[in-house]
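# Remarks on the overall topology
Residue-level listing of the chains:
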Amino acid sequence: MDPESVISLRKGAANWGLELGSRELALFSRFMESLSAGAARHNLTAITTPREIVAKHFLDSLAGLLVIDPAAGTRIIDVGSGAGFPGLPLKIVRPELKLTLLESSRKKADFLEAVVGELGLEGVQVTGRRAEEAGRDPAHRGTYHWAVARAVAPVSVLSEYCLPFLRVRGVLVAYKGPEIGAELEQARRALEILGGAVREVLEFTLPGVDDRRSLVVIDKTAPTPERFPRRAGMAAKRPL
Ligand SMILES: C[S@@+](CC[C@H](N)C(=O)[O-])C[C@H]1O[C@@H](n2cnc3c(N)ncnc32)[C@H](O)[C@@H]1O
């Protein structure tokens, strides 16, 4: 990673109260190399300049640590992880997290396996399945303290993908853009049915690019009824 990117990553992370040392910077640097190679080879991400990768992938992902505290539980699942966001940056900075990267595209899951190996990260499991299927598997259902997802689906649909994975009192952190009011209004019924309640919406600006973002923090307040998630595709086709 070029010196300018290192500086903006360190400065941006300090904005979230995170101090990045040489271990973390080396891992981010290697991750950036894999991303650039992966983007060229497999068209994995549209964001390719180092400045944008730092701000829109690394720092955006790290904002989740404003909410996620491993002291309150270490099991975390990233639903629809794509090229590893937000899960991998969270794991780099909080290595005690036990991370599952769930990604239905085989090509992307293969990329994730390769990156986890290249970075030498322990306690990361890559699962190349759909959320609707893994959410019914007892190895995953009701077992996580945290679920995170970025750019996967509207909150009404995302709740059906993610809430089944959480224990009661677990937390879903949905990474969103600004102006989330109407989307949350549409998700009210789904949250009620699935056992979730919006705790708060944290708004922030991405350092370096000044884009506005928000984190929707949803508490799991009751067990998700057995019939959810519905079969693959239903949540998106007929949101609750
Ligand atoms: C727009 S990408 C976002 C990737 C990453 N979260 C990010 O922010 O860069 C959405 C990803 O979610 C995955 N996805 C969509 N629906 C899914 C589902 N039902 N189960 C698992 N993965 C899913 C897609 O394959 C895709 O890689």
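Given the structure is predicted, the values throughout are model-derived calculations rather than measurements. (Residues numbered from 1 in each chain as written. Predicted model: local features only at pLDDT ≥ 70, side-chain atom pairs only at ≥ 80, totals over all residues.)

## Brief notes about the overall build of the protein chain
- Along its length, the protein chain carries 10 helices and seven strands.
- For a compact globule of 240 residues, the expected C-alpha radius of gyration is about 18 Å, and the protein chain comes in at 17 Å, within 12% of that figure.
- For the C-alpha atoms alone, the extent of the protein chain along its principal axes is close to 50 × 35 × 35 Å.
- When contacts within the protein chain are restricted to residue pairs at least 6 apart in sequence, those whose partners lie at least 24 apart make up 72%. (Helix = DSSP H or I, 4+ residues; strand = E, 2+ residues; numbered from the N terminus. Rg over C-alpha atoms; globule rule 2.2 N^0.38 Å. Contact = placed C-beta atoms within 7 Å.)

## Comments concerning the site of the ligand
- Among the 17 residues in the neighbourhood of the ligand, the closest are listed as Gly80, Gly82, Ser104, Ala131 and Arg150.
- Residues that form the shell around the ligand fall into these classes: seven nonpolar, five polar and five charged. (Near = placed C-beta within 6 Å. Nonpolar A, V, L, I, M, F, W, Y, C, P; charged D, E, K, R; others polar.)

## Comments concerning the sheet that holds strand E3 (residues 124-127)
- Strand order in the open sheet made by the seven strands is E3-E2-E1-E4-E5-E7-E6, with mixed pairing throughout. Edge positions in the sheet fall to E3 and strand E6 (196-205), since each has one partner strand and no second. On average, each strand axis in the sheet is inclined to that of its neighbour by 20°, with strand direction left out of account.
- Bridge analysis of strand E1 (residues 75-79) against strand E4 (residues 144-150) gives three bridges, and the strand direction is parallel. Its bridge partner being in E4, Ile76 is matched across the sheet by Trp146. (Pairing = 2+ DSSP bridges. Axes fitted to C-alpha atoms, helices over the stretch in contact; angles between N-to-C directions.)

## Quick look at the environment of Arg75
- By the secondary structure assignment, Arg75 is in strand E1.
- On a C-alpha basis, the gap between Arg75 and Leu166 in space is 9.4 Å, while along the polypeptide they are 91 residues apart.

## Examining helix H3 (residues 50-62)
- With respect to burial, H3 is a largely interior element, 10 of its 13 residues being buried.
- Within the span of H3, buried status applies to Ile53, Val54, Ala55, Lys56, His57, Phe58, Leu59, Asp60, Ser61 and Leu62. (Buried ≥ 20, exposed ≤ 12 C-beta atoms within 10 Å, placed from the backbone.)

## Concerning the UniProt feature "binding site: S-adenosyl-L-methionine" (unreviewed entry) in the protein chain
- Within this numbering scheme, the UniProt entry marks Gly80, Phe85, Glu103, Ser104, Ser105, Ala131, Glu132 and Arg150 as carrying the feature "binding site: S-adenosyl-L-methionine" (unreviewed entry).
- Its place among the elements puts Ser104 in the loop between strand E2 (98-102) and helix H5 (106-119).
- Setting aside residues up to four positions removed in sequence, Ser104 forms contacts with Arg129 and Arg130.
- By the secondary structure assignment, Glu132 is in helix H6 (residues 131-134).
- Those residues in contact with Glu132 that lie beyond four places of it in its chain are Pro229, Arg230, Arg231, Ala232 and Ala235. (UniProt positions renumbered as here; feature names shortened; annotations may be inferred.)

## Quick look at the environment of Gly73
- Relative to the helices and strands, Gly73 is located in the loop between H3 and E1.
- For Gly73, a count of 18 C-beta atoms within 10 Å gives the class partly exposed.
- On a C-alpha basis, the gap between Gly73 and Trp146 in space is 7.7 Å, while along the polypeptide they are 73 residues apart.
- With sequence-adjacent residues up to four places away left out, Gly73 is seen in contact with His145 and Trp146.

## Looking at the pairing of E1
- Burial runs high along E1: five of the five residues are buried.
- What you see with E1 is no split at all: Arg75, Ile77 and Val79 on one side and Ile76 and Asp78 on the other are buried throughout.
- Taken together, the five bridges between E1 and E2 define a ladder with parallel strand orientation. Looking at the pairing, Ile77 lines up with Thr100 of E2.
- Each parallel crossover has a hand, and the one from E1 via helix H4 (residues 87-93) to E2 is right-handed. (Right-handed = clockwise from strand over helix to strand, strands pointing away.)

## Concerning the pairing of strand E7 (residues 212-220)
- The pairing of strand E5 (residues 166-176) with E7 spans six bridges and is classified as antiparallel. Counterpart to Val171 in the pairing with E7 is Asp219.
- Pairing geometry for E6 and E7, over nine bridges, is antiparallel. Bridge assignment links Leu202 to a residue of E7, and that residue is Leu215.
- Where E6 hands over to E7, the hairpin turn is made up of six residues, of which Gly208 adopts a positive phi near 95°.

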